[in-house]
Every structure is written in structure tokens, then in C-alpha cells.
Amino acid sequence: MPRYALRLAYDGSAYQGWWPCGAGRAAGDALADALRRLGEPEARPTACSRLDAGVHARALVSHIDCTRSWEPTALAAAVNHQSPPTLCCTACAPVDADWDAITACREKTYLYLLDAGPVRDPLRSRTHWRPARRPQPDALARAAELIREHDDFSALLRRGDHRRSLHTTIAALGWDEPGSDQLRCTLRADRCGYHLVRSLVGLMVRHATGGCRLATLAALLAGHRLPQAADQAPARGLYLWQTVHTPEPTWQSIGADFTWV
């Protein structure tokens, strides 16, 4: 059975996460339904990341096994024709039969967006978080610098995550201000555990709005379990933006890459 990698974008507010559950409420279900309608009922999608409900994707990579050979751009176009408007395949590539979207993934880049204008923007209510107070950019930078010095975030383990630790190598973490009405966090790492990005963003924002001293954040990062570990940014501001795989599929895009406007 020929195997293909698909690069997907979707609006997370439309789905209860990625993981296919057969009930039609997950993004994975939407893709599986599209594949069934184009004659590939056994092409069960496996994605590189199990995104939570409400989290968005610009470059979620999944692999599928098809019963027949497809020209990559034709497969992507057919998936899009059968998919709801909240999900899109932006690129496709043939891959080896043993290529796996999960085990081949080496790095992920996440973005988190804050609505930080003088008044709330209702058009961003599903795609940005608007904290009660505007975070101070210099405080966000200090918190990010402190986080970059650590690689074990076990004190932030969430209920439902049964791992003993959250060892994560953060290659990049920082904030920028693309406009006076928006703040943007970029986090690039080898992997991110259950809710880790949202936990780190929540702590940085809490510090930058006066609700958490830098010493408290340092204690959390040193492994001390404190009440502030429960802080978590909402899912709606989080995007899986980019992934790196080894080997990287030879993508055939059906359109221009997404960019910020």
C-alpha cells in the first residue's frame, strides 16, 4: 500500500482536538471522512502531534496508507474537495512504507498569540487570548530567558499525563510585538508534553501581569510543585506552526505557504 505524508492546516475551534475518535468531532475524523469519500476507507491518518481541543494547526503532518497510487497534488486537492472549510491539506508527498509521522518528527515550532490592543478585537476571539491586563513585554522577555535555561519541566505535569518527567530541549523561545495590538510567542523544541506550551505561556503572562514573581517561576522550573503550576493559557491562542522531520518528505505544495498578514 503506498504511503503518503500530508501537511494539514485547520481551525482548532471547530474540533475537539486532533485524535480521531470515530464520533466526527475531531480533526482526524474530518480527514478520515474525506478519505472515505474519495475511495480510501482504510487510509487511517496518523499525525505527528496530538493537539488538544481548540488548538490550531498550520503544519500538522500526518501519514496515510492508500489502496492505490496517487499523484501527490491530486491527492491533496481531492482531500480538500471532500473536507470541510475548517480543514485544508496544503502539501503532500510520497514516503517510504516505514516512514512514520510521529517517530520521524525531530522538531516542532509553536506560536501563541495575544490580543493586546487598547480594546478587545472581537474578530480575534477564537484565535487569540486576551488577558485581563496587558503583559509587559520586558517581563515576558525575562520569563522566557529564565525558561530557556531549563529542560526539565516535571513540576508542570498535568493530570492525565503519566510520564515521570517533561524533559524538553528548547531551541528557541521568545516574544515579539508585530503590532501594538498583538503579542506573539514563538517556541521551538524537540518535543512538548501534554499542555506544556500552554503552561509555559500561562506562567510567562502571569509574571508579566504582576501575578507571579520571577523567583516563584524559578522555583517551579527547579522542580518545586507550587499552586502556580496550575496556570495555563487558553487553547485558542496556540498554533502548531511548523514541524521538521528526518527524513523530510519531498513536499509538493498546492499553494503558497501561509504567512502572517
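Reading the values: the criteria
Residues numbered from 1 in each chain as written. Predicted model: local features only at pLDDT ≥ 70, side-chain atom pairs only at ≥ 80, totals over all residues. Heavy atoms only, no water. Helix = DSSP H or I, 4+ residues; strand = E, 2+ residues; numbered from the N terminus. Axes fitted to C-alpha atoms, helices over the stretch in contact; angles between N-to-C directions. Parallel < 35°, antiparallel > 145°, perpendicular 65-115°, else oblique. Left-handed = near helix turned anticlockwise from the far one by under 90°. Contact = heavy atoms within 4.5 Å. Nonpolar A, V, L, I, M, F, W, Y, C, P; charged D, E, K, R; others polar. 1 Å grid on protein atoms, 1.4 Å probe; cavity = no way out; pocket = protein on both sides within 12 Å on 5 of 7 lines; lining within 4 Å. Points joined across faces, edges and corners; volume = space filled by probe spheres on them. Phe/Tyr/Trp six-rings, centres within 6.5 Å; stacked < 30°, edge-to-face > 60°. Buried < 20%, exposed > 50% of the residue type's maximum accessible area, 1.4 Å probe, protein only. Lys NZ or Arg CZ within 6 Å of the ring centre and 35° of its normal. Salt bridge = Lys/Arg side-chain N within 4 Å of Asp/Glu carboxyl O.

*Asks:* For this particular structure, what's the right way to read unusual backbone geometry?
*Replies:* Residues apart from glycine generally show negative phi values, whereas peptide bonds are mostly found in trans. Looking along the chain, the bond that leaves threonine 246 and enters proline 247 is cis, with omega of -5°. Following the sequence through the fold, proline 247 ends up in the loop between β8 (238–245) and β9 (252–253).

*Asks:* Quick question: what am I supposed to make of the packing of helix α3 (residues 137–148) against helix α5 (residues 214–221) here?
*Replies:* To describe two helices that pack against each other, one gives the angle between their axes and the distance between the axes. Here α3 crosses α5 at 20°, and the two axes come no closer than 10 Å. Relative to α5, the element α3 is oriented roughly parallel. At the point where α3 passes α5, the crossing takes the right-handed sense. Facing Arg142, Ala143, Leu146 and Ile147 of α3, the residues of α5 in contact are Leu214, Leu217, Ala218 and Leu221. Counted by class, the contact of α3 with α5 contains seven nonpolar, no polar and one charged residues.

*Asks:* In this structure, what is going on with the layout of surface pockets? I would like to understand it.
*Replies:* Where empty space is left becomes clear once a probe the size of a water molecule has been rolled over the atoms. There is about 520 Å³ of room inside the largest pocket. Along the wall of the largest pocket there are 21 residues; nearest its centre are Ser49, Arg50, Cys192, Gly193 and Tyr194. Contributing elements (two or more residues each) for the lining of the largest pocket: β5 (105–115) and α4 (196–208). No other element matches the three residues that α4 contributes to the lining of the largest pocket.

*Asks:* For this particular structure, what's the right way to read the packing of α3 against α4?
*Replies:* Viewed as axis vectors pointing N to C, α3 and α4 meet at an angle of 135°, and their least axial separation amounts to 8 Å. On the basis of the axis angle, α3 is oblique to α4. For the element pair α3 and α4, the recorded crossing hand is right-handed. On α4, the residues touching Ala139, Leu140, Arg142, Ala143, Ala144 and Ile147 of α3 are Leu200, Met204, Val205, His207 and Ala208. Of the residues belonging to the contact of α3 with α4, the class tally is nine nonpolar, one polar and one charged.

*Asks:* Quick question: what am I supposed to make of the environment of alanine 222 here?
*Replies:* Within the secondary structure, alanine 222 sits in the loop between α5 and β8. Taking the C-alpha atoms as reference points, alanine 222 and arginine 37, 185 residues apart in sequence, are found 51 Å from one another.

*Asks:* Help me understand the packing of aromatic side chains in this model?
*Replies:* Two aromatic rings, taken as a pair, are described by how far apart their centres are and by the angle between their planes. Enumeration according to the criterion identifies two aromatic pairs in this entry. Each ring, one from tyrosine 10 and one from tyrosine 15, has its centre 5.7 Å from the other, and the planes form 90°; the classification is edge-to-face. The residues tyrosine 10 and tyrosine 15 share a single accessibility class, namely buried. Geometrically, the ring pair formed by tyrosine 112 and tryptophan 129 is edge-to-face, given 6.3 Å between the ring centres and 90° between the ring planes. In this pair, tyrosine 112 is assigned in strand β5 and tryptophan 129 in the loop between β5 and α3, connecting sequence segments 17 residues apart. In terms of burial, tyrosine 112 and tryptophan 129 fall into one category: buried. Above the face of the tryptophan 19 ring, arginine 50 is positioned so that its terminal group lies 4.9 Å from the ring centre.

*Asks:* What is the right way to read the pattern of salt bridges from this model?
*Replies:* Pairing between side chains becomes possible if they bear opposite charge and their charged atoms approach one another. Taken as a whole and judged by the stated rule, the model has 15 salt bridges. A salt bridge links arginine 3 to aspartate 65, with the nearest nitrogen and oxygen atoms 2.6 Å apart. Here arginine 3 is found in strand β1 (residues 3–10), whereas its partner aspartate 65 is found in strand β3 (residues 56–65), with 62 residues between them in sequence. Classification of arginine 3 as buried rests on a relative accessible area of 14%. Aspartate 231 is paired through a salt bridge with arginine 206; the nearest N and O atoms lie 2.9 Å apart. On the criterion of sequence distance, the pair formed by aspartate 231 in the loop between α5 and β8 and arginine 206 in helix α4 is long-range, its members being 25 residues apart. For aspartate 231, a relative accessible area of 15% translates into the label buried.

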